[in-house]
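Structural description and commentary
This is what each chain is made of:
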Amino acid sequence: MKWLMVEEGREIVRDPVRAAEHLAAQEGVVKQAEPAHCAAAEVLNMAELLRPRWELLKAYHSWLKGGKKGPEPAFWDEDRAEERSAKYALAPCQLINTTLSNLVGLTLRQWSASQRAELRCHPAWKEAALLREVAIHGEEAMEQEALSLIFQIASHLPGTQFRDLVRAAALDESEQETPYSLLRALVVDLPRKMKAQNPTLYTDLVFPYFSNYSSLVQGELQLLKVPAILQNRAASYHFSSMTDLLSNNPVLNAALKLAPQSKEIRHFVSCFPELFGYRDLGSKTVTFVGAGFPLTGVVLHIMTGACINLVDYDAGVVENAEKFLGMTEELGITRKGAFKVICSDALGVIYLPTSKLPGRIKAHDGRRCPPQCPEYGGKVVVPTDILDIASAICPKTTDQLIKKNGCLVPAIRKRNVRGVTEILYERYTLDDKTNFRLVGEVTPPQKVLSGATPAHLVTDLVAANNVNSCQLLINTDNFGSKWEFLETMLTMPGMEELGEEVQSKISWDSRVKEFYTVSRK
(Lines give C-alpha, C1' and ligand atoms only; values in the text may rest on other atoms or scores of the structure.)
Protein backbone atom coordinates (compact mmCIF):
# COMPACT_ATOMS: atom_id res chain seq x y z
CA MET A 1 0.00 0.00 0.00
CA LYS A 2 1.32 3.43 -0.91
CA TRP A 3 1.18 6.22 1.66
CA LEU A 4 2.54 9.19 -0.24
CA MET A 5 2.20 12.67 1.18
CA VAL A 6 1.30 14.27 -2.14
CA GLU A 7 0.03 11.58 -4.45
CA GLU A 8 -0.82 11.69 -8.12
CA GLY A 9 -4.54 11.31 -8.72
CA ARG A 10 -5.60 12.97 -5.47
CA GLU A 11 -6.26 16.39 -6.96
CA ILE A 12 -9.32 17.84 -8.66
CA VAL A 13 -9.14 18.83 -12.31
CA ARG A 14 -7.50 22.26 -12.34
CA ASP A 15 -9.52 24.28 -14.84
CA PRO A 16 -12.73 22.35 -15.55
CA VAL A 17 -13.90 24.56 -18.41
CA ARG A 18 -10.60 24.46 -20.27
CA ALA A 19 -10.24 20.74 -19.61
CA ALA A 20 -13.79 20.19 -20.86
CA GLU A 21 -13.08 22.17 -24.04
CA HIS A 22 -10.02 20.03 -24.72
CA LEU A 23 -11.79 16.71 -24.06
CA ALA A 24 -14.88 17.70 -26.05
CA ALA A 25 -12.73 18.64 -29.05
CA GLN A 26 -10.69 15.45 -28.70
CA GLU A 27 -13.81 13.26 -28.60
CA GLY A 28 -15.75 15.14 -31.27
CA VAL A 29 -18.68 16.41 -29.22
CA VAL A 30 -21.37 17.77 -31.54
CA LYS A 31 -23.01 21.09 -30.75
CA GLN A 32 -26.77 21.31 -31.14
CA ALA A 33 -26.83 23.48 -34.26
CA GLU A 34 -30.52 23.39 -35.17
CA PRO A 35 -33.24 25.14 -33.17
CA ALA A 36 -34.63 23.12 -30.28
CA HIS A 37 -37.98 22.61 -32.02
CA CYS A 38 -36.19 20.50 -34.67
CA ALA A 39 -34.83 18.22 -31.98
CA ALA A 40 -38.28 18.16 -30.39
CA ALA A 41 -39.66 16.78 -33.64
CA GLU A 42 -37.02 14.01 -33.45
CA VAL A 43 -38.11 13.22 -29.90
CA LEU A 44 -41.77 13.02 -30.87
CA ASN A 45 -40.96 10.69 -33.75
CA MET A 46 -38.90 8.41 -31.48
CA ALA A 47 -41.70 8.27 -28.94
CA GLU A 48 -44.19 7.20 -31.62
CA LEU A 49 -41.83 4.48 -32.82
CA LEU A 50 -41.31 3.11 -29.32
CA ARG A 51 -44.83 3.49 -27.90
CA PRO A 52 -46.29 0.26 -29.41
CA ARG A 53 -43.45 -1.82 -27.97
CA TRP A 54 -43.88 -0.20 -24.54
CA GLU A 55 -47.62 -0.95 -24.63
CA LEU A 56 -46.80 -4.58 -25.48
CA LEU A 57 -44.50 -4.91 -22.48
CA LYS A 58 -47.13 -3.36 -20.20
CA ALA A 59 -49.70 -5.82 -21.57
CA TYR A 60 -47.35 -8.69 -20.79
CA HIS A 61 -46.90 -7.57 -17.17
CA SER A 62 -50.68 -7.11 -16.81
CA TRP A 63 -51.11 -10.67 -18.11
CA LEU A 64 -48.64 -11.93 -15.49
CA LYS A 65 -50.36 -10.05 -12.65
CA GLY A 66 -53.72 -11.36 -13.82
CA GLY A 67 -52.65 -14.95 -13.33
CA LYS A 68 -51.77 -15.57 -16.99
CA LYS A 69 -55.42 -15.69 -18.00
CA GLY A 70 -56.07 -15.70 -21.73
CA PRO A 71 -53.48 -15.83 -24.49
CA GLU A 72 -50.01 -14.52 -23.74
CA PRO A 73 -49.43 -11.15 -25.45
CA ALA A 74 -47.09 -11.57 -28.42
CA PHE A 75 -45.71 -9.70 -31.41
CA TRP A 76 -44.05 -10.44 -34.71
CA ASP A 77 -40.28 -9.98 -34.47
CA GLU A 78 -39.19 -8.87 -37.93
CA ASP A 79 -35.50 -9.34 -37.15
CA ARG A 80 -35.97 -12.99 -36.17
CA ALA A 81 -38.91 -13.61 -38.53
CA GLU A 82 -40.88 -15.25 -35.74
CA GLU A 83 -43.58 -14.54 -33.21
CA ARG A 84 -42.23 -13.74 -29.74
CA SER A 85 -43.68 -13.20 -26.31
CA ALA A 86 -44.32 -9.56 -25.45
CA LYS A 87 -41.84 -10.16 -22.64
CA TYR A 88 -39.22 -9.39 -25.31
CA ALA A 89 -40.92 -6.30 -26.70
CA LEU A 90 -37.93 -4.12 -25.73
CA ALA A 91 -35.23 -6.73 -26.36
CA PRO A 92 -32.43 -5.70 -28.73
CA CYS A 93 -33.52 -5.47 -32.36
CA GLN A 94 -33.08 -2.98 -35.19
CA LEU A 95 -36.04 -0.83 -34.11
CA ILE A 96 -35.08 -0.65 -30.43
CA ASN A 97 -31.32 -0.38 -31.00
CA THR A 98 -31.53 2.32 -33.66
CA THR A 99 -34.18 4.43 -31.94
CA LEU A 100 -32.56 4.36 -28.50
CA SER A 101 -29.13 4.98 -30.02
CA ASN A 102 -30.51 8.06 -31.78
CA LEU A 103 -32.14 9.24 -28.57
CA VAL A 104 -28.92 8.85 -26.59
CA GLY A 105 -26.99 10.61 -29.35
CA LEU A 106 -29.39 13.55 -29.15
CA THR A 107 -28.82 13.89 -25.39
CA LEU A 108 -25.04 13.74 -25.79
CA ARG A 109 -24.91 16.89 -27.90
CA GLN A 110 -23.74 20.16 -26.40
CA TRP A 111 -26.87 22.19 -25.75
CA SER A 112 -27.01 25.85 -24.78
CA ALA A 113 -29.09 26.92 -21.79
CA SER A 114 -31.66 28.58 -24.05
CA GLN A 115 -31.96 25.48 -26.23
CA ARG A 116 -32.49 23.29 -23.15
CA ALA A 117 -35.15 25.65 -21.84
CA GLU A 118 -36.93 25.69 -25.20
CA LEU A 119 -36.94 21.90 -25.44
CA ARG A 120 -38.31 21.56 -21.91
CA CYS A 121 -41.20 23.86 -22.79
CA HIS A 122 -42.04 21.96 -25.96
CA PRO A 123 -44.85 19.33 -25.88
CA ALA A 124 -42.21 16.74 -26.85
CA TRP A 125 -40.83 16.90 -23.29
CA LYS A 126 -44.10 15.36 -22.08
CA GLU A 127 -42.89 12.15 -23.71
CA ALA A 128 -40.02 11.98 -21.21
CA ALA A 129 -41.90 9.55 -18.94
CA LEU A 130 -42.42 7.10 -21.82
CA LEU A 131 -38.86 7.45 -23.10
CA ARG A 132 -37.39 6.93 -19.62
CA GLU A 133 -39.33 3.71 -19.14
CA VAL A 134 -38.30 2.42 -22.55
CA ALA A 135 -34.64 3.40 -22.02
CA ILE A 136 -34.44 1.71 -18.59
CA HIS A 137 -36.27 -1.48 -19.63
CA GLY A 138 -34.45 -1.57 -22.95
CA GLU A 139 -31.09 -1.36 -21.18
CA GLU A 140 -32.10 -4.16 -18.80
CA ALA A 141 -33.22 -6.35 -21.73
CA MET A 142 -29.93 -5.73 -23.53
CA GLU A 143 -27.90 -6.68 -20.46
CA GLN A 144 -29.85 -9.87 -19.87
CA GLU A 145 -29.60 -10.89 -23.54
CA ALA A 146 -25.83 -10.36 -23.51
CA LEU A 147 -25.58 -12.52 -20.39
CA SER A 148 -27.80 -15.15 -22.02
CA LEU A 149 -25.35 -15.35 -24.94
CA ILE A 150 -22.42 -15.98 -22.58
CA PHE A 151 -24.36 -18.69 -20.74
CA GLN A 152 -25.45 -20.31 -24.01
CA ILE A 153 -21.86 -20.52 -25.24
CA ALA A 154 -20.69 -21.98 -21.92
CA SER A 155 -23.44 -24.62 -22.00
CA HIS A 156 -22.21 -25.86 -25.41
CA LEU A 157 -18.59 -26.30 -24.28
CA PRO A 158 -17.92 -29.23 -21.94
CA GLY A 159 -15.56 -29.35 -18.97
CA THR A 160 -12.79 -26.77 -18.94
CA GLN A 161 -13.09 -26.02 -22.65
CA PHE A 162 -15.07 -22.82 -22.07
CA ARG A 163 -12.49 -21.42 -19.64
CA ASP A 164 -9.65 -22.43 -21.95
CA LEU A 165 -11.29 -20.60 -24.85
CA VAL A 166 -11.80 -17.49 -22.71
CA ARG A 167 -8.11 -17.52 -21.78
CA ALA A 168 -7.10 -18.02 -25.41
CA ALA A 169 -9.36 -15.14 -26.50
CA ALA A 170 -7.77 -12.91 -23.84
CA LEU A 171 -4.28 -13.64 -25.15
CA ASP A 172 -5.42 -13.01 -28.72
CA GLU A 173 -6.22 -9.41 -27.75
CA SER A 174 -3.60 -8.76 -25.07
CA GLU A 175 0.07 -9.57 -24.54
CA GLN A 176 -0.61 -11.05 -21.12
CA GLU A 177 -3.48 -12.52 -19.19
CA THR A 178 -4.88 -10.09 -16.61
CA PRO A 179 -8.19 -9.97 -14.75
CA TYR A 180 -9.34 -7.18 -17.06
CA SER A 181 -8.28 -8.93 -20.29
CA LEU A 182 -10.06 -12.09 -19.09
CA LEU A 183 -13.20 -10.08 -18.31
CA ARG A 184 -13.15 -8.52 -21.77
CA ALA A 185 -12.65 -11.95 -23.34
CA LEU A 186 -15.56 -13.38 -21.32
CA VAL A 187 -17.94 -10.54 -22.15
CA VAL A 188 -16.90 -9.50 -25.65
CA ASP A 189 -14.05 -11.33 -27.41
CA LEU A 190 -15.20 -14.94 -27.12
CA PRO A 191 -18.93 -14.23 -27.67
CA ARG A 192 -18.08 -12.18 -30.77
CA LYS A 193 -15.83 -14.95 -32.11
CA MET A 194 -18.40 -17.71 -31.48
CA LYS A 195 -21.19 -15.63 -32.97
CA ALA A 196 -19.12 -15.04 -36.13
CA GLN A 197 -18.44 -18.76 -36.45
CA ASN A 198 -22.07 -19.80 -35.97
CA PRO A 199 -24.48 -16.88 -36.41
CA THR A 200 -27.57 -19.07 -36.76
CA LEU A 201 -26.92 -20.74 -33.40
CA TYR A 202 -25.83 -17.65 -31.50
CA THR A 203 -28.37 -14.94 -32.29
CA ASP A 204 -28.23 -12.89 -29.08
CA LEU A 205 -26.42 -9.57 -28.79
CA VAL A 206 -22.77 -9.22 -27.76
CA PHE A 207 -22.61 -6.54 -25.05
CA PRO A 208 -21.77 -3.35 -26.99
CA TYR A 209 -20.61 -0.95 -24.27
CA PHE A 210 -17.84 -2.87 -22.49
CA SER A 211 -15.13 -0.44 -23.61
CA ASN A 212 -16.84 2.41 -21.71
CA TYR A 213 -16.52 0.82 -18.30
CA SER A 214 -12.82 1.08 -17.45
CA SER A 215 -12.56 4.84 -17.99
CA LEU A 216 -15.96 5.43 -16.36
CA VAL A 217 -15.09 3.50 -13.19
CA GLN A 218 -11.67 5.17 -13.08
CA GLY A 219 -13.27 8.60 -13.41
CA GLU A 220 -15.82 7.88 -10.69
CA LEU A 221 -13.03 6.64 -8.42
CA GLN A 222 -11.68 10.19 -8.32
CA LEU A 223 -14.64 11.12 -6.13
CA LEU A 224 -13.24 8.73 -3.52
CA LYS A 225 -9.51 9.25 -4.06
CA VAL A 226 -9.64 13.06 -3.86
CA PRO A 227 -10.30 14.27 -0.28
CA ALA A 228 -13.78 15.77 -0.01
CA ILE A 229 -12.34 18.93 1.52
CA LEU A 230 -10.55 19.59 -1.80
CA GLN A 231 -13.72 19.24 -3.84
CA ASN A 232 -16.37 21.95 -4.43
CA ARG A 233 -14.40 25.07 -5.26
CA ALA A 234 -17.29 27.31 -4.17
CA ALA A 235 -17.27 26.08 -0.56
CA SER A 236 -15.80 28.45 2.02
CA TYR A 237 -13.80 25.55 3.52
CA HIS A 238 -12.20 24.62 0.18
CA PHE A 239 -8.47 23.83 -0.04
CA SER A 240 -7.04 24.26 -3.51
CA SER A 241 -4.69 21.25 -3.44
CA MET A 242 -3.12 18.56 -1.26
CA THR A 243 -0.14 20.85 -0.82
CA ASP A 244 -2.42 23.63 0.46
CA LEU A 245 -4.13 21.20 2.85
CA LEU A 246 -1.00 19.52 4.20
CA SER A 247 1.18 22.62 4.51
CA ASN A 248 -1.50 24.44 6.51
CA ASN A 249 -2.29 21.44 8.71
CA PRO A 250 1.09 19.90 9.67
CA VAL A 251 -0.47 17.10 11.71
CA LEU A 252 -2.02 15.65 8.54
CA ASN A 253 1.36 15.73 6.84
CA ALA A 254 2.89 13.98 9.85
CA ALA A 255 0.13 11.34 9.88
CA LEU A 256 0.83 10.39 6.27
CA LYS A 257 4.55 10.24 7.01
CA LEU A 258 4.10 7.91 10.01
CA ALA A 259 1.18 5.81 8.71
CA PRO A 260 3.30 3.05 7.11
CA GLN A 261 4.92 2.25 10.50
CA SER A 262 1.92 2.76 12.82
CA LYS A 263 -1.28 0.69 12.80
CA GLU A 264 -3.11 3.28 14.94
CA ILE A 265 -2.17 6.20 12.70
CA ARG A 266 -2.99 4.18 9.61
CA HIS A 267 -6.43 3.53 11.09
CA PHE A 268 -6.86 7.27 11.76
CA VAL A 269 -6.03 8.06 8.12
CA SER A 270 -8.46 5.38 6.97
CA CYS A 271 -11.32 6.79 9.05
CA PHE A 272 -10.91 10.35 7.74
CA PRO A 273 -11.23 9.96 3.94
CA GLU A 274 -12.65 13.48 3.78
CA LEU A 275 -9.15 14.72 4.70
CA PHE A 276 -6.92 12.07 3.12
CA GLY A 277 -9.04 10.47 0.41
CA TYR A 278 -9.76 6.75 0.42
CA ARG A 279 -6.34 5.03 0.57
CA ASP A 280 -7.45 1.51 1.47
CA LEU A 281 -10.41 0.74 -0.76
CA GLY A 282 -9.41 -2.91 -0.74
CA SER A 283 -10.65 -3.10 2.86
CA LYS A 284 -13.99 -1.44 2.08
CA THR A 285 -17.36 -2.85 1.05
CA VAL A 286 -19.23 -1.13 -1.78
CA THR A 287 -22.94 -1.85 -2.28
CA PHE A 288 -24.64 -1.32 -5.64
CA VAL A 289 -28.39 -0.90 -5.76
CA GLY A 290 -29.22 -2.94 -8.86
CA ALA A 291 -27.45 -6.09 -10.08
CA GLY A 292 -28.20 -6.21 -13.81
CA PHE A 293 -25.01 -6.96 -15.71
CA PRO A 294 -22.61 -6.23 -12.80
CA LEU A 295 -19.70 -4.89 -14.84
CA THR A 296 -19.22 -1.71 -12.81
CA GLY A 297 -18.85 -3.77 -9.65
CA VAL A 298 -16.47 -6.25 -11.27
CA VAL A 299 -14.26 -3.52 -12.79
CA LEU A 300 -14.24 -1.63 -9.47
CA HIS A 301 -13.20 -4.83 -7.69
CA ILE A 302 -10.40 -5.43 -10.22
CA MET A 303 -9.11 -1.87 -9.75
CA THR A 304 -9.35 -1.70 -5.94
CA GLY A 305 -9.87 -5.15 -4.45
CA ALA A 306 -13.00 -3.91 -2.65
CA CYS A 307 -15.73 -6.32 -1.61
CA ILE A 308 -18.95 -5.79 -3.55
CA ASN A 309 -22.62 -6.26 -2.64
CA LEU A 310 -25.33 -6.23 -5.31
CA VAL A 311 -28.98 -5.64 -4.33
CA ASP A 312 -31.78 -6.41 -6.80
CA TYR A 313 -35.46 -7.31 -6.38
CA ASP A 314 -35.70 -9.42 -9.56
CA ALA A 315 -35.00 -13.08 -8.76
CA GLY A 316 -34.10 -13.83 -12.39
CA VAL A 317 -31.61 -10.96 -12.52
CA VAL A 318 -30.09 -12.10 -9.21
CA GLU A 319 -29.74 -15.66 -10.52
CA ASN A 320 -27.99 -14.45 -13.68
CA ALA A 321 -25.68 -12.14 -11.72
CA GLU A 322 -24.67 -15.01 -9.41
CA LYS A 323 -24.06 -17.27 -12.40
CA PHE A 324 -21.90 -14.66 -14.14
CA LEU A 325 -19.93 -13.93 -10.95
CA GLY A 326 -19.34 -17.66 -10.53
CA MET A 327 -17.69 -17.63 -13.95
CA THR A 328 -15.49 -14.67 -12.98
CA GLU A 329 -14.37 -16.52 -9.84
CA GLU A 330 -13.51 -19.66 -11.80
CA LEU A 331 -11.45 -17.61 -14.25
CA GLY A 332 -9.63 -15.73 -11.48
CA ILE A 333 -11.12 -12.38 -12.53
CA THR A 334 -12.65 -11.82 -9.09
CA ARG A 335 -11.55 -12.98 -5.66
CA LYS A 336 -13.51 -15.86 -4.21
CA GLY A 337 -16.12 -14.61 -1.75
CA ALA A 338 -15.64 -10.95 -2.67
CA PHE A 339 -19.17 -10.62 -4.12
CA LYS A 340 -22.55 -11.11 -2.49
CA VAL A 341 -25.87 -10.78 -4.32
CA ILE A 342 -28.93 -9.97 -2.22
CA CYS A 343 -32.42 -10.54 -3.62
CA SER A 344 -34.37 -7.65 -2.13
CA ASP A 345 -36.03 -4.40 -2.97
CA ALA A 346 -33.65 -1.49 -2.39
CA LEU A 347 -35.80 -0.32 0.54
CA GLY A 348 -36.01 -3.81 2.04
CA VAL A 349 -32.40 -3.45 3.17
CA ILE A 350 -30.60 -1.50 5.91
CA TYR A 351 -27.12 -0.37 4.86
CA LEU A 352 -24.65 -0.16 7.77
CA PRO A 353 -20.92 0.73 7.72
CA THR A 354 -18.32 -1.92 8.51
CA SER A 355 -15.54 0.31 9.82
CA LYS A 356 -14.90 0.68 13.54
CA LEU A 357 -14.19 4.33 14.31
CA PRO A 358 -11.28 5.36 16.58
CA GLY A 359 -11.52 7.09 19.94
CA ARG A 360 -14.86 8.58 20.94
CA ILE A 361 -16.11 9.06 17.38
CA LYS A 362 -19.67 7.85 17.04
CA ALA A 363 -21.40 6.33 14.02
CA HIS A 364 -23.83 9.22 14.43
CA ASP A 365 -24.18 12.07 16.91
CA GLY A 366 -27.58 11.03 18.25
CA ARG A 367 -29.58 13.10 15.80
CA ARG A 368 -30.49 10.14 13.65
CA CYS A 369 -30.46 6.38 13.93
CA PRO A 370 -31.38 3.57 11.55
CA PRO A 371 -35.11 2.97 10.97
CA GLN A 372 -36.81 0.79 13.56
CA CYS A 373 -33.75 0.83 15.83
CA PRO A 374 -32.60 -1.53 17.27
CA GLU A 375 -34.50 -4.30 15.52
CA TYR A 376 -34.36 -2.70 12.03
CA GLY A 377 -37.89 -3.93 11.42
CA GLY A 378 -36.72 -7.35 10.25
CA LYS A 379 -34.93 -5.88 7.24
CA VAL A 380 -31.79 -7.43 5.79
CA VAL A 381 -28.65 -5.69 7.09
CA VAL A 382 -26.04 -5.25 4.36
CA PRO A 383 -22.52 -4.12 5.37
CA THR A 384 -21.81 -0.97 3.36
CA ASP A 385 -19.01 1.58 3.51
CA ILE A 386 -19.89 3.19 0.17
CA LEU A 387 -23.35 3.03 -1.38
CA ASP A 388 -23.70 3.34 -5.15
CA ILE A 389 -27.14 4.35 -6.46
CA ALA A 390 -27.82 3.98 -10.18
CA SER A 391 -29.40 6.71 -12.29
CA ALA A 392 -32.31 4.35 -13.02
CA ILE A 393 -33.32 4.46 -9.33
CA CYS A 394 -36.13 7.02 -9.13
CA PRO A 395 -35.80 10.16 -6.96
CA LYS A 396 -38.40 8.97 -4.44
CA THR A 397 -36.52 5.72 -3.76
CA THR A 398 -33.17 7.55 -3.76
CA ASP A 399 -34.51 9.98 -1.17
CA GLN A 400 -35.61 7.11 1.07
CA LEU A 401 -32.23 5.41 0.70
CA ILE A 402 -30.38 8.59 1.69
CA LYS A 403 -32.65 9.69 4.52
CA LYS A 404 -33.56 6.32 6.04
CA ASN A 405 -32.15 3.00 4.86
CA GLY A 406 -28.65 4.32 4.17
CA CYS A 407 -28.55 7.22 6.60
CA LEU A 408 -25.47 5.87 8.42
CA VAL A 409 -23.38 5.04 5.35
CA PRO A 410 -20.26 7.27 5.29
CA ALA A 411 -20.38 8.00 1.54
CA ILE A 412 -22.89 7.66 -1.28
CA ARG A 413 -22.15 7.91 -4.99
CA LYS A 414 -25.26 8.78 -6.94
CA ARG A 415 -25.22 8.50 -10.70
CA ASN A 416 -27.33 11.38 -11.90
CA VAL A 417 -28.28 13.27 -15.04
CA ARG A 418 -28.19 16.91 -16.06
CA GLY A 419 -29.55 18.88 -18.98
CA VAL A 420 -31.20 17.11 -21.90
CA THR A 421 -30.06 13.72 -20.57
CA GLU A 422 -32.95 14.06 -18.11
CA ILE A 423 -35.13 12.74 -20.91
CA LEU A 424 -33.48 9.34 -20.27
CA TYR A 425 -33.54 9.31 -16.46
CA GLU A 426 -35.24 11.40 -13.82
CA ARG A 427 -32.84 13.75 -12.07
CA TYR A 428 -32.39 13.57 -8.30
CA THR A 429 -31.79 16.76 -6.31
CA LEU A 430 -30.45 16.53 -2.76
CA ASP A 431 -32.43 18.70 -0.36
CA ASP A 432 -31.31 20.27 2.92
CA LYS A 433 -33.34 17.89 5.09
CA THR A 434 -30.64 15.26 5.10
CA ASN A 435 -27.36 14.59 6.87
CA PHE A 436 -25.51 14.28 3.55
CA ARG A 437 -23.54 16.99 1.78
CA LEU A 438 -22.93 17.13 -1.98
CA VAL A 439 -19.21 17.76 -2.37
CA GLY A 440 -18.21 16.86 -5.92
CA GLU A 441 -19.14 15.47 -9.29
CA VAL A 442 -17.53 13.79 -12.27
CA THR A 443 -19.29 14.61 -15.49
CA PRO A 444 -19.00 14.51 -19.31
CA PRO A 445 -17.31 17.60 -20.80
CA GLN A 446 -20.35 18.85 -22.73
CA LYS A 447 -22.29 19.17 -19.46
CA VAL A 448 -19.68 21.62 -18.19
CA LEU A 449 -19.52 23.59 -21.44
CA SER A 450 -23.31 23.87 -21.64
CA GLY A 451 -23.58 25.05 -18.04
CA ALA A 452 -25.73 22.07 -17.03
CA THR A 453 -23.08 20.99 -14.50
CA PRO A 454 -21.75 23.85 -12.31
CA ALA A 455 -18.00 24.14 -12.88
CA HIS A 456 -17.26 24.56 -9.17
CA LEU A 457 -18.54 21.03 -8.47
CA VAL A 458 -16.40 19.31 -11.11
CA THR A 459 -13.87 16.97 -9.52
CA ASP A 460 -12.99 15.24 -12.78
CA LEU A 461 -14.32 14.59 -16.29
CA VAL A 462 -15.54 11.34 -17.81
CA ALA A 463 -15.73 10.50 -21.49
CA ALA A 464 -18.22 12.40 -23.62
CA ASN A 465 -20.11 9.22 -24.56
CA ASN A 466 -21.42 8.84 -21.00
CA VAL A 467 -24.96 10.01 -20.34
CA ASN A 468 -24.46 10.07 -16.56
CA SER A 469 -22.68 12.29 -14.14
CA CYS A 470 -21.77 10.85 -10.75
CA GLN A 471 -22.06 12.81 -7.52
CA LEU A 472 -20.38 12.21 -4.17
CA LEU A 473 -22.50 12.71 -1.05
CA ILE A 474 -20.70 12.49 2.29
CA ASN A 475 -22.36 11.84 5.63
CA THR A 476 -21.99 14.73 8.07
CA ASP A 477 -23.98 13.17 10.90
CA ASN A 478 -20.93 12.42 13.04
CA PHE A 479 -18.92 15.48 12.09
CA GLY A 480 -19.34 16.91 15.61
CA SER A 481 -17.58 13.99 17.31
CA LYS A 482 -15.06 13.78 14.48
CA TRP A 483 -14.03 17.38 15.09
CA GLU A 484 -13.78 16.71 18.84
CA PHE A 485 -11.45 13.82 18.06
CA LEU A 486 -9.27 15.98 15.81
CA GLU A 487 -8.92 18.61 18.53
CA THR A 488 -7.81 16.09 21.16
CA MET A 489 -6.30 13.29 19.07
CA LEU A 490 -2.77 13.63 20.48
CA THR A 491 -4.06 12.42 23.85
CA MET A 492 -5.42 9.20 22.31
CA PRO A 493 -3.64 5.84 22.74
CA GLY A 494 -1.33 5.07 19.83
CA MET A 495 -0.89 8.74 18.87
CA GLU A 496 2.27 9.37 20.90
CA GLU A 497 4.55 9.16 17.89
CA LEU A 498 2.36 11.66 16.04
CA GLY A 499 2.56 13.99 19.04
CA GLU A 500 6.35 13.83 18.97
CA GLU A 501 6.38 14.62 15.25
CA VAL A 502 4.36 17.83 15.72
CA GLN A 503 5.92 18.67 19.12
CA SER A 504 2.64 17.95 20.96
CA LYS A 505 0.86 20.82 19.24
CA ILE A 506 -2.06 20.75 16.82
CA SER A 507 -2.68 23.78 14.71
CA TRP A 508 -5.75 23.49 12.51
CA ASP A 509 -6.46 25.82 9.65
CA SER A 510 -9.85 27.47 10.26
CA ARG A 511 -11.16 25.94 7.04
CA VAL A 512 -10.94 22.45 8.56
CA LYS A 513 -13.13 23.48 11.48
CA GLU A 514 -15.54 25.11 9.05
CA PHE A 515 -15.69 21.89 7.02
CA TYR A 516 -16.81 19.96 10.11
CA THR A 517 -19.31 22.61 11.15
CA VAL A 518 -22.79 21.49 10.13
CA SER A 519 -25.88 23.68 10.41
CA ARG A 520 -28.92 21.52 11.19
CA LYS A 521 -32.26 22.59 9.73
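Placed above this text is the structure.
Let me begin by describing the structure that accompanies this report. (Residues numbered from 1 in each chain as written. Predicted model: local features only at pLDDT ≥ 70, side-chain atom pairs only at ≥ 80, totals over all residues. Heavy atoms only, no water.)

Thoughts on helix α15 (residues 395–405)
Among the residues making up α15, those that are buried are P395, T398, L401, I402 and N405. For α15, the elements touching its buried residues are β3 (285–289), β6 (349–352), β8 (386–389), β9 (411–416), β10 (436–443) and β12 (469–475). (Buried < 20%, exposed > 50% of the residue type's maximum accessible area, 1.4 Å probe, protein only. Helix = DSSP H or I, 4+ residues; strand = E, 2+ residues; numbered from the N terminus. Contact = heavy atoms within 4.5 Å.)

Observations concerning the nonpolar core
F162, F268, F324 and L498 are the most contacted members of the largest nonpolar core, which has 102 residues in total. Setting aside its immediate chain neighbours within four residues, F162 contacts I150, I153, A154, L157, L186, L190 and M327. In terms of nonpolar packing, the next biggest core, distinct from the first, is built from 34 residues, V43, M46, A89 and L119 among them. (Core = buried A, V, L, I, M, F, W, Y, C linked by side-chain atoms within 4.5 Å.)

Remarks on a negative patch on the surface
A cluster of like negative charges, contributed by E264, E496, E497 and E500, occupies part of the molecular surface. In terms of residues, the negative patch owes the most to one element, helix α18 (residues 496–501), which gives 3 residues. Here E496 shows up in helix α18. (Patch = residues over 30% accessible without salt bridge, like charges linked within 9 Å, V, L, I, M, F, W, Y side chains within 5 Å. Areas by Shrake-Rupley, 256 points an atom, 1.4 Å probe, with all protein chains shown as cover. Salt bridge = Lys/Arg side-chain N within 4 Å of Asp/Glu carboxyl O. Lys, Arg positive; Asp, Glu negative; His and termini not counted. Charge placed at Lys NZ, Arg CZ, Asp CG, Glu CD.)

A few points about the pattern of salt bridges
Inspection of every chain in the model, using the stated rule, returns 23 salt bridges. E127 is the salt-bridge partner of R51, the closest N and O atoms lying 3.1 Å from each other. Of this pair, R51 sits in helix α2 (residues 36–65) while E127 sits in the loop between α4 (113–121) and α5 (128–155), and the two are 76 residues apart along the sequence. Residue R120 is joined to E422 by a salt bridge in which the shortest nitrogen-to-oxygen separation is 2.6 Å. You can see R120 sitting in helix α4 and its partner E422 sitting in the loop between β9 and β10, a full 302 residues away along the chain. Since its relative accessible area comes to 8%, E422 is described here as buried. Linked by salt bridges that have partners in common, E48, R51 and E127 make up one network.

Notes on empty space enclosed by the protein
Regions of empty space are outlined by a rolling probe, equal in size to a water molecule, passed over the atoms. Within the structure shown, the criterion is met by 1 cavity of 30 Å³ or more. Here the largest cavity is characterised by a volume of approximately 40 Å³. If you go around the largest cavity, the residues you meet are R109, Q110, W111, R116, R418, G419, V420, Q446, K447, S450 and A452. In terms of residue class, the lining of the largest cavity is made up of 3 nonpolar, 4 polar and 4 charged. (1 Å grid on protein atoms, 1.4 Å probe; cavity = no way out; pocket = protein on both sides within 12 Å on 5 of 7 lines; lining within 4 Å. Points joined across faces, edges and corners; volume = space filled by probe spheres on them. Nonpolar A, V, L, I, M, F, W, Y, C, P; charged D, E, K, R; others polar.)

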